[in-house]
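The lines below spell out each chain.
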Amino acid sequence: MLGKAVEEAMNEQIKNELFSAYQYLSMAAYCESENFPGFAQWMRAQSQEETGHAMKFYDFILERNGRVVLQGIDAPVVEFGSPLEVFEQALEHEKKVTAMIHDLYGLAVRENDYASQTFLQWFVTEQVEEEKNAGDVVETLKMIGDKSEALFLLDRELGQRRTEEQQAG
Ligand code: FEO
């Protein structure tokens, strides 16, 4: 049985992961509107991953005989100045999520909840990857600056990222 404190914190994290999905979908929509279909595709796949993260928490709460209680999701940011700003904000967002996961892990330790610690280990590792992925694009976009041809090629490259549905199809 899941303790109340961890259950509440995990329900909060379902909301945070779904907000991430919403925020990345909003970034995808912005990139579409600016004619960067590749960046939009990357963000769309990222959004879907975040929904997957939310569902991992959802399923884990159920497995532990806890109660899933969904919460309201804030509106995402909709306007950005450039693709660089989009990915910089994505990186900042991932750093915040990393801190949330670490807080959650710390709580599971204080509560002597060993099963949750093991479950959260996956997220600790995943966050290293998440920050690296966004950070790598930020660095590349900074190098590219205003060279439109290189921007076009990067857009095309990032457009190779597939959502699970696209992989299945
Ligand atoms: Fe679910 Fe991007 O962290």
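Residues numbered from 1 in each chain as written. Predicted model: local features only at pLDDT ≥ 70, side-chain atom pairs only at ≥ 80, totals over all residues. Heavy atoms only, no water.

**Student:** Describe the overall build of the chain, and please don't skip the residues or the numbers.
**Tutor:** What the chain contains, in helices and strands, is six helices and zero strands. Considering only C-alpha atoms, the chain reaches an extent of 55 × 30 × 30 Å along its principal axes. Relative to its 169 residues, the chain shows a buried fraction of 44%. In the structure as shown, the chain presents an accessible area of about 9,300 Å², 53% of it carried by carbon and sulfur atoms. Computing the positive centroid from 15 side-chain charges and the negative centroid from 31, the chain places the two 2 Å apart. (Helix = DSSP H or I, 4+ residues; strand = E, 2+ residues; numbered from the N terminus. Buried < 20%, exposed > 50% of the residue type's maximum accessible area, 1.4 Å probe, protein only. Areas by Shrake-Rupley, 256 points an atom, 1.4 Å probe, with all protein chains shown as cover. Lys, Arg positive; Asp, Glu negative; His and termini not counted. Charge placed at Lys NZ, Arg CZ, Asp CG, Glu CD.)

**Student:** Tell me about helix 2 (residues 37–63), and please be specific about residues and values.
**Tutor:** Look at helix 2: 39 Å from first C-alpha to last across 27 residues, which is about the 39 Å you get at 1.5 Å a residue. The positive-phi residue at the C-terminal boundary of helix 2 is Asn-65, with phi of around 60°. (Expected span 1.5 Å × (residues − 1).)

**Student:** Outline the pattern of salt bridges, listing residues and values.
**Tutor:** All told, the structure shown has six salt bridges when counted by the stated rule. Taking the shortest distance from any N to any O, the salt bridge between Lys-4 and Glu-7 comes out at 2.7 Å. Note that Lys-4 and Glu-7 are positioned in helix 1 (residues 4–33) at a spacing of three residues, about one turn of the helix. A residue is classified by how much of its surface remains accessible, and Glu-7, at 6% relative accessible area, is buried. With a closest N to O distance of 2.6 Å, Lys-132 and Asp-136 form a salt bridge. Pair noted here: Lys-132 and Asp-136 are both in helix 4 (residues 114–144), with a separation of four residues, about one helical turn. Judged by its relative accessible area of 36%, Asp-136 is partly exposed. (Salt bridge = Lys/Arg side-chain N within 4 Å of Asp/Glu carboxyl O.)

**Student:** A description of the packing of aromatic side chains should follow, citing residues and the corresponding values.
**Tutor:** Going through the model one piece at a time under the given rule, you end up with nine aromatic pairs. Members of the aromatic cluster, joined through ring pairs, are Phe-57, Phe-60, Phe-119, Trp-122 and Phe-123. Across from the ring centre of Trp-122, 4.2 Å away, lies the NZ or CZ of Lys-56, which sits over that ring. It is Arg-161 that lies over the ring of Trp-42; its NZ or CZ is 4.6 Å from the centre. (Phe/Tyr/Trp six-rings, centres within 6.5 Å; stacked < 30°, edge-to-face > 60°. Lys NZ or Arg CZ within 6 Å of the ring centre and 35° of its normal.)

**Student:** Any chance you could break down the side chain of Thr-98 for me, citing the residues and the numbers?
**Tutor:** Inspection of the secondary structure puts Thr-98 in helix 3 (residues 83–110). Accessibility expressed as a relative area gives 11% for Thr-98, which makes it buried. Beyond its immediate stretch of four places on either side in the chain, Thr-98 contacts Gln-127 and Glu-131. (Contact = heavy atoms within 4.5 Å.)

**Student:** Lay out the packing of helix 2 against helix 3 with the relevant residues and their values.
**Tutor:** In the contact formed by helix 2 and helix 3, the axes pass within 13 Å of each other and the chain directions differ by 15°. Classified by the angle their axes make, helix 2 and helix 3 are roughly parallel. Crossing angle aside, the handedness with which helix 2 passes helix 3 is left-handed. Contacts between helix 2 and helix 3 involve Phe-39, Trp-42, Met-43, Gln-46, Glu-50 and Phe-57 on the former and, on the latter, Pro-83, Val-86, Phe-87, Ala-90, Glu-94, Ile-101 and Leu-104. (Axes fitted to C-alpha atoms, helices over the stretch in contact; angles between N-to-C directions. Parallel < 35°, antiparallel > 145°, perpendicular 65-115°, else oblique. Left-handed = near helix turned anticlockwise from the far one by under 90°.)

**Student:** Residue-level account of the packing of helix 1 against helix 4, with values.
**Tutor:** Interhelical geometry of helix 1 versus helix 4 gives an angle of 20° and a closest axis separation of 13 Å. Relative to helix 4, helix 1 is oriented roughly parallel. Two packed elements cross with a definite hand, and for helix 1 against helix 4 that hand is left-handed. In this structure, helix 1 uses Val-6, Met-10 and Glu-17 to contact helix 4, whose residues at the interface are Ser-116, Phe-119, Leu-120 and Phe-123. Residues that form the contact of helix 1 with helix 4 fall into these classes: five nonpolar, one polar and one charged. (Nonpolar A, V, L, I, M, F, W, Y, C, P; charged D, E, K, R; others polar.)

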